[in-house]
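If you want the building blocks of each chain, they are given just below.
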Amino acid sequence: MPIKLGIVMDPIQSINIKKDSSFAMLLEAQHRDYEIYYMEMSDLFIENNQAKAYTKRIRVFDDPNNWYQFISSAKTDNSTEDKTDDTQRVIKLSELDSILMRKDPPFDMEYIYATYILEIASQSGTLVVNNPQSLRDANEKLFTHQFPSCTVPTLVSRNKAQFKQFLKQHHDIIVKPLGGMGGHSIFRVKENDPNINVILETVTNHASQYIMAQRFIPEISRGDKRILIINGIPVDYALARIPPEGETRGNLAAGGTGQGIPLSERDYWLCEQVAPRLKEMGLIFVGMDVIGDYITEINVTSPTCIRELDSLYNLNISALLMDVIEDTLAGSTS
């Protein structure tokens, strides 16, 4: 029997397949003849204590002009759906062997509610990647604090006076929200910056939201390295995202340029520090961000850079992930 794989992701019609890691995973799953069930977060629901979803069977094509097709699906006799779309049907999530949770942040309450729905599926035996409870527990900014030997001085607070003191101590800092992505609302602040008050008021929403400050790492000029870790084992190459001229952020979404580099001895050491905890928490596919010698974020929701690294080094990172999924499913049934 083919593996039944679900994927929860942002609308597929809006993705850039050249850069989309979820799409790379779909291509590999299709290559292995998996049955693929597409869902968006709004399709998930609970009915009579069972996790269910409106799903669509999907085919994908590595073609920038025509990259997906939904497959017509006859409704089952016990279906409760009332839909005119013959590509969509309701299924119990427990019918799926595995589900990839690939919805991009923001990590808000709606995202958390979705993890509770997926947790019901996980408790029924479906392998959810990544583990829903761990998605809630491992905030991508705060999770770094579990590895103090791997991080720069950091402050998490709402208090303006504390951030001013932190800036006075370190002279040059990065300030960012805890739930964003893609470089959104990240500020570099130097001592005596006349905009410090308005920056802190804006990012904390007038002291109503926690934010993070980190000592500025000058090695950002050589890139913010994205290291992909699969079941605790790092891919041997990272994508260094180089900031454009006059910019601090290396995020590709903020205009950074991707450059492939092999992992350094320090990179491997950092991976060794986090790997046991990742495996313990069921965080199978992780993107760790490293600037200089330090971890700055541990991305667990929808890490990217598969397609770039595959193209640069003739890799198939998605195959490594699917191998782990298959081995895990085989182990659970043996």
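The model shown is predicted, which means the values in this text are computed figures rather than measured ones.

Concerning the environment of Thr301
Now for step 1: Here Thr301 is to be found in the loop between strand 18 (294–299) and helix 7 (306–313).
Now for step 2: As for Thr301 and Ile317, which are separated by 16 residues in sequence, their C-alpha atoms are 17 Å apart.
Now for step 3: The residues contacting Thr301, other than those within four sequence positions of it, are Met101, Arg102, Lys103, Pro105, Phe107, Tyr111, Leu135 and Glu140.
Now for step 4: At 2.7 Å, the side chain of Thr301 and the side chain of Glu140 are in polar contact.

As for the pairing of strand 10 (residues 172–177)
Now for step 1: Counting buried positions along strand 10 gives six out of six residues, so the element sits mostly inside the fold.
Now for step 2: Burial of strand 10 is two-sided: the residues Asp172, Ile174 and Lys176 facing one way and the residues Ile173, Val175 and Pro177 facing the other way are all buried.
Now for step 3: The sheet contact formed by strand 10 and strand 11 (residues 187–190) spans four bridges and is antiparallel. Across the sheet, residue Ile174 finds its bridge partner in strand 11, namely Arg188.
Now for step 4: Pairing of strand 10 with strand 12 (residues 211–215) involves five bridges; the strand directions are antiparallel. The residue bridging Pro177 from the neighbouring strand is Ile211, located in strand 12.

Here's the deal with the nonpolar core
Now for step 1: Within the largest apolar cluster, 39 residues are counted, with the highest numbers of intra-cluster contacts made by Leu44, Leu93, Ile99, Met288 and Ile298.
Now for step 2: Within the residue set of this core, elements represented by two or more residues are strand 2 (35–39), strand 4 (50–60), strand 7 (98–101), helix 2 (109–123), strand 13 (224–230), helix 6 (265–280), strand 17 (285–291) and strand 18.
Now for step 3: Counting residues per element, this core draws most heavily on helix 2, at five residues.
Now for step 4: Not counting residues up to four positions away in its chain, the partners in contact with Ile99 are Gly6, Val8, Met39, Leu93, Leu118, Ala121, Thr126, Leu127, Val128 and Val129.
Now for step 5: One finds Ala24, Val60, Val129 and Ile317 within the second-largest nonpolar core, a separate group that totals 36 residues.

Considering helix 1 (residues 21–31)
Each α-helix winds once per 3.6 residues, and so residues spaced three or four apart point in a common direction.
Now for step 1: Of all eleven residues making up helix 1, eight are buried, and the element is well covered by its neighbours.
Now for step 2: Capping the start of helix 1, Asp20 holds a side-chain oxygen 3.1 Å from the backbone nitrogen of Ser22, two or three residues further along.

A closer look at helix 4 (residues 160–170)
Now for step 1: Buried residues of helix 4: Phe163, Phe166, Leu167 and His170, and no others. For helix 4, the arc enclosing every buried residue in end-on projection is 100°, short of the 170-degree limit, so these residues lie on one face. Exposed residues on helix 4 whose side chains face more than 90 degrees from its buried face are Ala161, Lys168 and Gln169.
Now for step 2: Elements that come into contact with the buried residues of helix 4 comprise strand 9 (154–157), strand 10, strand 11, helix 5 (196–203) and strand 12.
Now for step 3: Of the residues flanking the start of helix 4, the one acting as N-cap is Asn159, its side-chain oxygen 2.9 Å from the backbone nitrogen of Ala161.
Now for step 4: Phi turns positive, to about 75°, at His171, one or two residues after helix 4.

Examining empty space enclosed by the protein
Now for step 1: Inspection of every chain in the model, using the stated rule, returns two cavities of 30 Å³ or more.
Now for step 2: If you go around the largest cavity, the residues you meet are Pro105, Phe107, Leu135, Ala138, Asn139, Glu140, Lys141, Leu178, Gly179, Gly180 and Thr301.
Now for step 3: Here the lining of the largest cavity is built from residues that sort into five nonpolar, four polar and two charged.
Now for step 4: Forming the boundary of the second largest cavity are Met25, Leu100, Met101, Arg102, Val129, Asn130, Phe285, Val300, Thr301, Pro303 and Leu321.
Now for step 5: By residue class, the composition of the lining of the second largest cavity is eight nonpolar, two polar and one charged.

Details of the packing of aromatic side chains
Within a pair of aromatic rings, the relevant descriptors are the distance that separates the centres and the angle that separates the planes.
Now for step 1: Under the criterion given, the structure shown has seven aromatic pairs.
Now for step 2: An angle of 15° between the planes, with centres 3.8 Å apart, marks the rings of Tyr237 and Tyr313 as stacked. In this pair, Tyr237 sits in strand 15 (residues 237–242) while Tyr313 sits in helix 7, placing the two residues 76 residues apart along the sequence.
Now for step 3: Residue classification places Tyr313 among the partly exposed residues on the basis of a relative accessible area of 25%.
Now for step 4: Cluster of aromatic residues (ring-pair linked, three or more members): Tyr38, Trp67, Tyr68 and Phe70.
Now for step 5: Across from the ring centre of Tyr210, 4.8 Å away, lies the NZ or CZ of Arg158, which sits over that ring.
Now for step 6: Across the ring face of Phe216, the terminal group of Arg188 is positioned such that the distance to the ring centre comes to 3.7 Å.

Criteria and cut-off values
- Residues numbered from 1 in each chain as written.
- Predicted model: local features only at pLDDT ≥ 70, side-chain atom pairs only at ≥ 80, totals over all residues.
- Heavy atoms only, no water.
- Helix = DSSP H or I, 4+ residues; strand = E, 2+ residues; numbered from the N terminus.
- Contact = heavy atoms within 4.5 Å.
- Polar contact = N/O pair within 3.5 Å; in protein donor to acceptor, adjacent residues only side chain to side chain.
- Buried < 20%, exposed > 50% of the residue type's maximum accessible area, 1.4 Å probe, protein only.
- Pairing = 2+ DSSP bridges.
- Core = buried A, V, L, I, M, F, W, Y, C linked by side-chain atoms within 4.5 Å.
- Arc of directions from axis to C-beta.
- 1 Å grid on protein atoms, 1.4 Å probe; cavity = no way out; pocket = protein on both sides within 12 Å on 5 of 7 lines; lining within 4 Å.
- Points joined across faces, edges and corners; volume = space filled by probe spheres on them.
- Nonpolar A, V, L, I, M, F, W, Y, C, P; charged D, E, K, R; others polar.
- Phe/Tyr/Trp six-rings, centres within 6.5 Å; stacked < 30°, edge-to-face > 60°.
- Lys NZ or Arg CZ within 6 Å of the ring centre and 35° of its normal.

On their own, these measurements won't tell you what the molecule is for.
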